[in-house]
Amino acid sequence: MYRLTNTTQHYAWGSPSAISELLGREPSGQPEAELWMGAHPTAPSRIDGGEATLLDFVSADPVGMLGPQVAARFKNRLPFLLKVLSAAKALSIQTHPTRAQAEAGYAAEQERGLPAGDPDRNYADDWPKPEILMALTAFEALAGCRSAEDAERVLAAVVALGAQALEPVRAELADKPEPATVAAAIGRLLEWPADTRGELVASVVEACRVGADKGGESAELSAGELAEDLAEDFAAVLRVAEDFPGDIGLVAMLLMKRVVLEPGEAIFLEAGGLHAYLRGTGVELLANSDNVLRAGLTPKHIDVAELLRVMDASVPVPVRHGTAIGVGVVEFDTPAPEFRLYHATLDTKTTLRAELPGTGPRIVLALSGEVELRGTRGALTLTQGESCFVPAREGRVEVSGLADLVVAAPGV
């Protein structure tokens, strides 16, 4: 087993303190958005505090580190990346490609000669990026598209509150209520003509301001006519507008479903699912990729046409509660072959000879407390904020202690 030293990503939307508190150190003074644990080439974890990385170790001994099945299935690559993600501001409205789309998109950009890190690139690698996020705090997100009926209901309220320019979009949703119409409506909003875009955004923000006031009561709408959930959704638009004034994504987010996860709840995002994280801290497990297609609420590269090509408005994004598979152990199963997430709470009932969940190569992160891992080749102790890599060759691993931890493993 190998103790990991991990990279913190200082993206502008990050929290100033949540990750540093987990790691038990002073804040850096910069936004701290993501803590990466894995072997992605952009920021691979270092081994035992040295210069060698987990990527180096996997490349040198893929069968021993990954196991023969995982090494063969994923071409000698650790298939998952574990993160702690902490958002103080909204992340971009985004989606992720399928494996076939990623391979084709990456190959096309390579053929065009776009270097790694080029601001015009959409595809950082040739992998898909399904992901699951388990909340550590209350976590607010836009997760998937509304149904056509619900999207029409929202736009009807916004039009009644003064954003009349959206009436044709509302009418289309009412005339043909299906996911393709929702996708077309989102595309129409994101590609709104530049000469009237500012006026549209301003009218929508003002409509949301009126709608959020007093639970939706206003001169335009009688008391009770605007459902309470819409008043909360409008309030979310106002919060995001403070960080991204004038952004057309403020209008598009009205057609997305807003959820607030409680600690321990999760959402799974498969390819094509439109989403944006708004605020909160969580553990994110994803395929070992950094492919993100963005369309708003970001200073980063935006490619609306490519996002619309990849987006699937019919993809559901349900809240998942996990399945108990033992005392204190919850499994979050997904269709993704690249990963599976486990959440384990060790207490007095589970301290003796509990088995680390999952099989094959695993990454373990201690969220709190202290845990000892003992395998066939050695032992290692983790305290809050520490993590380690368990190679496949380690076999069965026993854990003991009083701790809260997450375990990332392959999904196959």
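Everything here concerns the structure above.
The shown structure was predicted, so the numbers you read here are calculated from the model rather than taken from an experiment.

Peer 1: Explain empty space enclosed by the protein here, please?
Peer 2: What the rule picks out here adds up to 1 cavity of 30 Å³ or more. Quantified by volume, the largest cavity comes out at close to 40 Å³. Contributing to the lining of the largest cavity are Leu142, Arg146, Asp233, Ala236, Val237, Met253, Leu254, Met256 and Arg258. Mapped onto the lining of the largest cavity, the elements with two or more residues apiece are helix H10 (228–243) and strand S9 (256–261). Each residue belonging to the lining of the largest cavity can be placed in one class, and the counts come to 6 nonpolar, no polar and 3 charged.

Peer 1: Before we go on, may I ask you to explain the nonpolar core in this structure?
Peer 2: Taken as a class, soluble globular proteins show a tendency for nonpolar side chains to be buried jointly. One finds Val158, Leu166, Val204, Phe234 and Leu250 to be the most contacted residues of the largest nonpolar core, which totals 56 residues. For Val158, the contacting residues outside a window of four places in its chain are Ala163, Leu166, Val204, Ala207, Phe234 and Leu254. In terms of nonpolar packing, the next biggest core, distinct from the first, is built from 37 residues, Leu66, Leu78, Ala336 and Val406 among them.

Peer 1: Sorry if this is basic, but what is going on with the side chain of Glu398 here?
Peer 2: Among the structural elements, Glu398 can be located in strand S21 (residues 398–409). Residue classification places Glu398 among the buried positions, given a relative accessible area of 17%. A polar contact is formed between the side chain of Glu398 and the side chain of Arg396, at a distance of 2.7 Å.

Peer 1: I would appreciate a short explanation of helix H6 (residues 148–160) in the present structure.
Peer 2: One turn of an α-helix holds 3.6 residues; hence residues three or four places apart share an orientation. Across its 13 residues, H6 extends 18 Å between first and last C-alpha, which sits within 8% of the 18 Å expected from 1.5 Å per residue. Turning to H6, its buried residues are Ala148, Ala151, Glu152, Val154, Leu155, Ala157, Val158 and Val159. Where the residues of H6 are buried, they touch helix H7 (167–175), helix H8 (179–190), helix H9 (194–212) and H10. One or two positions beyond H6, positive phi appears at Gly162, with a value near 125°.

Peer 1: Sorry, what's going on with the environment of Val319 here?
Peer 2: Checked against the element boundaries, Val319 lands in strand S13 (residues 319–320). Its relative accessible area of 33% is what places Val319 among the partly exposed residues. Residue contacts for Val319: discarding those within four places in its chain leaves Leu261, Glu265, Ala266 and Ile267.

Peer 1: Explain the packing of H9 against H10 here, please?
Peer 2: Each pair of packed helices can be described by the angle between their axes along with the distance between the axes. Relative orientation of the contacting elements H9 and H10 amounts to 130°, with a least axis distance of 8 Å. With respect to their mutual orientation, H9 and H10 come out oblique. The two elements H9 and H10 cross, and the hand of that crossing is left-handed. Along the contact surface, H9 presents Val205, Cys208, Arg209, Gly211 and Ala212, while H10 presents Ala231, Phe234, Ala235, Val237, Leu238 and Ala241. Each residue belonging to the contact of H9 with H10 can be placed in one class, and the counts come to 9 nonpolar, 1 polar and 1 charged.

Peer 1: Can you walk me through the layout of surface pockets in this structure?
Peer 2: In this approach the atoms are scanned with a rolling probe the size of a water molecule, which exposes any empty space left behind. Its volume calculated, the largest pocket comes out at about 840 Å³. In this structure, the largest pocket is lined by 42 residues; those nearest its centre are Tyr11, Asp290, Val292, Arg294 and Lys300. Taken together, the elements giving at least two residues each to the lining of the largest pocket come down to strand S3 (34–37), strand S5 (80–87) and strand S11 (275–287). For the lining of the largest pocket, the element with the most residues is S11, which contributes 3 residues. Empty space within the second largest pocket amounts to approximately 320 Å³. Around the second largest pocket sit 17 residues that line it, and Arg99, Trp127, Pro128, Pro337 and Glu338 are the ones nearest its centre. Partitioned by chemical class, the residues of the lining of the second largest pocket number 9 nonpolar, 1 polar and 7 charged.

Criteria and cut-off values
Residues numbered from 1 in each chain as written. Predicted model: local features only at pLDDT ≥ 70, side-chain atom pairs only at ≥ 80, totals over all residues. Heavy atoms only, no water. 1 Å grid on protein atoms, 1.4 Å probe; cavity = no way out; pocket = protein on both sides within 12 Å on 5 of 7 lines; lining within 4 Å. Points joined across faces, edges and corners; volume = space filled by probe spheres on them. Helix = DSSP H or I, 4+ residues; strand = E, 2+ residues; numbered from the N terminus. Nonpolar A, V, L, I, M, F, W, Y, C, P; charged D, E, K, R; others polar. Core = buried A, V, L, I, M, F, W, Y, C linked by side-chain atoms within 4.5 Å. Buried < 20%, exposed > 50% of the residue type's maximum accessible area, 1.4 Å probe, protein only. Contact = heavy atoms within 4.5 Å. Polar contact = N/O pair within 3.5 Å; in protein donor to acceptor, adjacent residues only side chain to side chain. Expected span 1.5 Å × (residues − 1). Axes fitted to C-alpha atoms, helices over the stretch in contact; angles between N-to-C directions. Parallel < 35°, antiparallel > 145°, perpendicular 65-115°, else oblique. Left-handed = near helix turned anticlockwise from the far one by under 90°.

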